[in-house]
Amino acid sequence: MTAVSRLAFQLAVRPPLSSSLLHQRALPTCRRPAAPRRRHGTRRQAPSASYGTEGDAQAWSGFRTSGIRPKQSLGQNFLRDGNMVSRIVQSFGAAVDELCPDAHVVEVGPGLGALTTRLVERYPDMLAIEIDRRAVQYLHENFDGLAVRHGDVLETDWPGVAAEVAKPLAVIGNLPYNIVSQILFSLLEAPSGTIGVAVVMMQKEVAERIAAKTRTKAYGILSVVAQLYAKPRMLFKVPNTVFYPQPDVTSALVQFEFQLDECLDVRNTTLTRGLRTVVRTAFNQRRKVLRNSLRTLCEEKGVQLPDKWARKRAEEVPPPEFVEMTRFLFEKELETPELVPLSDRPTTVWR
Ligand SMILES: C[S@@+](CC[C@H](N)C(=O)[O-])C[C@H]1O[C@@H](n2cnc3c(N)ncnc32)[C@H](O)[C@@H]1O
């Protein structure tokens, strides 16, 4: 990446892309490598002063030396354990190598660079997106040449970023726990080919909801969406002792292999909107059978729910069947669907 394009990259805030342009733009897709593990770029010297040693001190020193106090409102629980940092970065590297070796790396919420310091060694062209001005300044001062975008990750135009680098993206992050679901929905609903893989840390309870099977208490909206748009896998649990300050909950690292379920077309706004309505309405009254929870929607659409769904509860319906149900309920609208990716729009109903 040239200095000019890197600058443009850092300054870009939702570049105005018309939807037609977006459709014309061929986003490259992830291909598994034929050969074994690849190396990425050249190695870059890790930022020196603050990150000199192994173990705890390595990740810990960022906020110790900067004097920056963590803000709870920004979900700032910094990683303080160098061994855990290594384990997370290794897991991410393995996922990228296996699933999307040509991807461009994006870190969400780099904070004071606990993960970044290891990531830049391997991915020197990576992009970091951070909302906290103090952290952005710290990163500029300590990570020479790192592309840092100061902004809200929820405003990120993921297809725009992928188009900028002409590669699919590999996303990593110790996510701010107050907005985990919103971040995940924005990644999951990005148009096919935008994101190849994501390895992100979140509360264990959210990770369990993502991977939940039907007929369990944890199975819900997030499970349906995550499993339709990607193949989620919990990699390992993370104790709260590796963070500063310590959160009350245990965490987990989750890998998402992005591949679209064949029954779902994310470009089809009508279908995706309909799916949201159906899934949300069904789970808002999860104890009721669908004949009752979807009664008003069925009346609006002038249809009767087929028997195969009528007596089921939302938690008994596997993700692909929600798409089938949406196609049935929104049949008329789908005759002339709106074909614009939802992530091309500034707001969405999940948020
Ligand atoms: C859990 S901390 C992780 C920090 C660092 N990666 C680490 O592991 O030590 C979450 C980070 O996300 C940042 N953040 C919070 N909300 C954000 C948002 N909406 N957009 C971008 N970054 C955000 C916080 O400022 C913080 O740096």
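Residues numbered from 1 in each chain as written. Predicted model: local features only at pLDDT ≥ 70, side-chain atom pairs only at ≥ 80, totals over all residues.

**Let's talk about the UniProt feature "binding site: S-adenosyl-L-methionine" (unreviewed entry) in the protein chain**
On the UniProt side, "binding site: S-adenosyl-L-methionine" (unreviewed entry) is annotated at positions that read Asn77, Leu79, Gly109, Glu130, Asp152 and Asn174 here. Among the secondary structure elements, Asn77 is positioned in the loop between helix H3 (56-66) and strand E1 (78-79). With respect to the helices and strands, the residue Asp152 is situated in the loop between strand E4 (147-150) and helix H7 (158-165). (UniProt positions renumbered as here; feature names shortened; annotations may be inferred. Helix = DSSP H or I, 4+ residues; strand = E, 2+ residues; numbered from the N terminus.)

**Some details on the domain arrangement of the protein chain**
Each assigned domain of the protein chain is listed here: domain 1 (54-257) and domain 2 (269-335). Look at where the C-alpha atoms of domain 1 and domain 2 centre, and you get two points 33 Å apart. The partner domain 2 presents eleven residues to the nine residues of domain 1 that form the contact. Here the side of domain 1 that touches domain 2 is built from residues that sort into four nonpolar, three polar and two charged. (Domains from an automatic or database assignment. Contact = placed C-beta atoms within 7 Å. Nonpolar A, V, L, I, M, F, W, Y, C, P; charged D, E, K, R; others polar.)

**Some words on the site of the ligand**
Lining the immediate surroundings of the ligand are 22 residues, of which Phe78, Gly109, Gly111, Asn174 and Pro176 lie closest. Here the residues of the shell around the ligand sort into 13 nonpolar, six polar and three charged. (Near = placed C-beta within 6 Å.)

**So, the environment of Phe330**
Turning to its location among the elements, Phe330 is positioned in the loop between helix H15 (319-329) and helix H16 (331-335). Residue classification places Phe330 among the buried positions, given that 21 C-beta atoms sit within 10 Å. Spatially, the C-alpha atoms of Phe330 and Phe236 are 39 Å apart, while their sequence positions differ by 94 residues. Among residues more than four places away in sequence, those in contact with Phe330 are Thr270 and Gly274. (Buried ≥ 20, exposed ≤ 12 C-beta atoms within 10 Å, placed from the backbone.)

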